[in-house]
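Read off the chains here:
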Amino acid sequence: MNSEATVLEGKKTIVTGAAQGIGQAIAECFAKAGADVAVVDLESARCADTLQLVERQQGRGLALSANVAQWEAVKGMVEHVVKEWGRVDVLVNNAGITRDGLIMRMKEEDWNAVLQVNLTGTFYCTRAILGPMTKQRYGRIINMASIVGTIGNAGQANYAASKAAVIGFTKSVAREYASRNITVNAVAPGFIDTAMTRALNQEVKDALLQQIPLGRLGQPAEVAEAVRFLASDAAGYITGQVFHVNGGMHMA
C-alpha cells in the first residue's frame, strides 16, 4: 500500500467523524499521502487537533461543523467544500455513535439515534456528494462498517443493524454509480485501540483478545491505511466490496 499508485496527491477529500479515533487517523493518513482534507465533526472546535495534524503534513485542511443526521447540514457542508476547492474526489463516511443495551431494555430513542447517525448520515453524505462526483465522472466513497455488522454482538442490536445496513447500502450504490467511474466500498474494522476499547475492564479485554487470532487490538492507523488504499487510483477496479480489518477475528 506504500507504492506511488496509492498516493493521494491533490485529491480533495471529506472525512466525517474526524475529530478523534479512526476518523482522525484517516485524516492524518490522507494528508501524509498529499490530500487536502475537510475535517468534519459535530462541533468544528473539536476538529482543531485533527486540523493541526493535517496541516503539519503540509496539506490544506478545513474544519467544518455538521451533524450528519441532518440533511440541510450535510448539504451545506458539501456545498462549502465544493465552493472552496472546486471538487470532491473522496468521501469517507466515518461518523458513528453507539447507544448500547440489551434489546429488551433498549430505549426507542437509542435505537433511532444510532440508525439516524450511522445509516441515515451515511445516506445523506453520499447523496450530497454524488452530484459533484457524477459531474466530474470520478469519485471514491468509503463507508465505515464494522465486524459487528457481520457477526452481531450482544447488547449492540442497534449498532449491528446500522452497520449491516451500511454494507447493503454500499453494494447498492456501487452498482448504481459504477458507470460514472465512482467506486463505493466499505471497511469493517474489528476491535481497535480507541477510547472506547480502552474503557473496557481487563477481564473483558482478555476475553476479547482470546477471540482474535493475531492476539492484539488493531491500531487506528491500520484501518486508515486500508481506507487510503481504497481511496487511491490503485483501487480503481474495486467496488462494492467490504474490506475486513480485524486481526482474523472474522474471516469472511
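To start, this report covers the structure provided alongside it. Per chain, residue numbering runs from 1 following the sequence as it is written. Reporting of local features is limited, given that this is a predicted model, to residues whose pLDDT is at least 70; pairs of side-chain atoms are given and counted only at 80 or more, and all residues count toward the totals for whole chains, interfaces and linings. As a rule here, side-chain values cover all heavy atoms of the structure and leave hydrogens and water aside.

Hydrogen bonding along the main chain pairs the strands of a sheet, whether they run parallel or antiparallel. Following DSSP output, two strands are said to pair if at least two bridges run between them. Put simply, DSSP H or I for four residues or longer makes a helix, DSSP E for two residues or longer makes a strand, and each gets a number counted from the N terminus. Reading across from one edge, β3-β2-β1-β4-β5-β6-β7 is the order of the seven strands in this open sheet, with parallel pairing throughout. Bordering the open sheet on either side are β3 (61-65) and β7 (242-245), each of which pairs with just one other strand. This sheet shows a mean twist of 15° between the axes of neighbouring strands, independent of strand direction. Here four bridges tie strand β4 (residues 90-93) to strand β5 (residues 139-144), and the two strands are oriented parallel to one another. The partner of V92 across the bridge, within β5, is I142. In this description, contact between two residues means that some pair of their heavy atoms is separated by no more than 4.5 Å. Note on method: axes are straight lines fitted to C-alpha atoms, helices fitted across the in-contact stretch only, with angles between N-to-C directions ranging 0 to 180 degrees. Packing of helix α1 (residues 21-32) onto the sheet brings it into contact with β1 (12-16), β2 (36-41), β4, β5 and β6 (182-189), and relative to β1 it is tilted by some 170°. Across the sheet, helix α9 (residues 220-231) lies against β4, β5, β6 and β7, angled at about 150° from β5, the strand it touches most.

Bringing the pairing of β1 into the picture now. Of all the five residues making up β1, five are buried; the element is thus mostly covered by neighbouring parts of the structure. Only protein chains enter the area calculation, which uses a 1.4 Å probe; residues under 20% of their type maximum are buried, those over 50% are exposed, and those in between are partly exposed. Neither face of β1 is left uncovered, since the one carrying K12, I14 and T16 and the one carrying T13 and V15 both have all their residues buried. Examined bridge by bridge, β1 and β2 share five bridges and lie parallel to one another. Bridge assignment links T13 to a residue of β2, and that residue is V37. What joins β1 to β2 is α1, and the crossover it makes is right-handed. Direction of pairing for β1 relative to β4: parallel, over a ladder of three bridges. By the bridge assignment for β4, V15 is matched with V92. A crossover counts as right-handed when, viewed with the strands pointing away from the observer, the path leading from the first strand over the helix to the second turns clockwise.

On to the pattern of salt bridges. Salt bridges, as used here, are contacts in which a Lys or Arg side-chain nitrogen is within 4 Å of a carboxyl oxygen on Asp or Glu. Enumeration over the complete set of coordinates arrives at eleven salt bridges. Notably, a salt bridge pairs R140 with D233, separated by 3.7 Å at the nearest N-O pair. Of this pair, R140 sits in strand β5 while D233 sits in the loop between α9 and β7, placing them 93 residues apart in sequence. Judged by its relative accessible area of 3%, R140 falls in the buried class. Assessed through its relative accessible area of 48%, D233 is described here as partly exposed. For the salt bridge of D193 with R198, the shortest nitrogen-to-oxygen distance reads 3.1 Å. Members of the salt-bridge network, linked through shared partners, are K11, R140 and D233.

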